[in-house]
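Residues per chain, in single letters:
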Amino acid sequence: MPVNGQSGQIALDQGAAGPQGAVRGALRLLEAVDRHPYGATLRDLARETAMSEPAVRELVNLLSAEGYLQSVDGTWLLGGTFAMLGQSNREQLVRIRLQHKLTELRDELGAAVYFSRYHDGELRVEAVAEGEHAPAVHEWVDFKATAHASAIGKCLLSQLDHDGRLDHLSRHPIARLTSRTITDSEQLLHRLERQSGGTPMLDLQEYALGTVCAAVPVTAGSTVGCLAMSLPVGSAHRLRAAAELLAERAAPLMLAMAV
């Protein structure tokens, strides 16, 4: 499911696009601004990053909205958000910002939203934004043991290498959770290997009856993570459009995790 939204398709060098391309471009942009202690113009930044001015302008708007850049007399300087980097409370501040972003995304999608990582060989759901009209999935079987069935789990496993997937499945054997769960390991591994990086991973009642989910990768540095959403099956007709929007919104979250 390719994403054609504006935020997720920033045109970068050599035609690279999508959330990961946006993050790489944003980091290059920040490095360029850092070389100009008295401020850099859009033209300066376009020249030094080899990006077009429209692409630079879109990234600048994104970074300034997050506090990483600030405008002074028509030029751009590093913003106040950098002041918190390296401080002892940085992790807490990042978590607060992450939760705020997930809450905004919950309201935009009308769905529960999740941020998860794969760390030390295990799946961890680190933040959830849910509400009365956006209920979270009921964890009736431990998510850590059911990565083969959930959109979150499959998205994280798809980012591992073949040996990493085999290791995980050897510790958490495949089990049938619903009539839709894939229980053939070869079929599951084949699907994971064929999954393209920008395509949302779906769970169509494979983990729990009555719920459909989608997840997209969030890769920044050594992070193996994903952004996911869930809907009651009665709203399954909204899943494809919501999943595409989820993929678009992954770029700002990736940037927050990378910087």
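Per chain, residues are indexed from 1 in the order of the written sequence. In keeping with the predicted nature of the model, local features appear solely for residues at pLDDT of at least 70, side-chain atom pairs appear and are counted solely at 80 or more, and the whole-chain, interface and lining totals rest on all residues. Computation of side-chain values covers all heavy atoms of the structure but excludes hydrogens and water.

Describing the packing of aromatic side chains
Then comes step 1: Stacked, edge-to-face and tilted labels apply to pairs of Phe, Tyr and Trp rings (six-membered ring for Trp) whose centres lie within 6.5 Å, assigned for plane angles under 30 degrees, over 60, and everything in between, in that order. As enumerated under the stated definition, the model contains 2 aromatic pairs in all.
Then comes step 2: Taken together, a centroid distance of 6.4 Å and an interplanar angle of 55 degrees make the contact between Trp140 and Tyr207 tilted. Taken together, the residues Trp140 in the loop between strand 4 (122-129) and helix 5 (151-158) and Tyr207 in the loop between strand 5 (201-204) and strand 6 (211-220) connect sequence positions 67 residues apart.
Then comes step 3: Each residue is assigned to one of three classes by its accessible area relative to the maximum for its type, calculated with a 1.4 Å probe on protein chains only: buried under 20%, partly exposed between the two thresholds, exposed over 50%. A relative accessible area of 44% places Trp140 in the partly exposed class.
Then comes step 4: Ring centres of Phe143 and Tyr207 lie 5.1 Å apart, and the angle between their planes is 45 degrees; on these two criteria the pair is classed as tilted. Pair noted here: Phe143 is in the loop between strand 4 and helix 5 and Tyr207 is in the loop between strand 5 and strand 6, with a separation of 64 residues, a long-range link. Note on conventions: DSSP H or I runs of at least 4 residues are helices, E runs of at least 2 residues are strands, and numbering of each starts at the N terminus.

So, empty space enclosed by the protein
Then comes step 1: Using protein atoms alone on a 1 Å grid, points that fit a 1.4 Å probe yet trap it form a cavity, whereas open point sets bounded by protein on both sides within 12 Å along at least five of seven lines form a pocket; residues with an atom within 4 Å of a point count as lining. Grid points are joined across faces, edges and corners, and a volume is the space filled by probe spheres set on the points. All told, the structure shown has 2 cavities of 30 Å³ or more when counted by the stated rule.
Then comes step 2: Lining the largest cavity are Tyr114, Val137, Phe143, Ser150, Ala151, Ile152, Asp203, Tyr207, Cys213, Ala228 and Met229.
Then comes step 3: Every element with two or more residues in the lining of the largest cavity is listed here: helix 5 and strand 7 (223-232).
Then comes step 4: Each residue gets one of three labels, nonpolar for Ala, Val, Leu, Ile, Met, Phe, Trp, Tyr, Cys and Pro, charged for Asp, Glu, Lys and Arg, and polar for the others, Gly among them. Here the lining of the largest cavity is built from residues that sort into 9 nonpolar, 1 polar and 1 charged.

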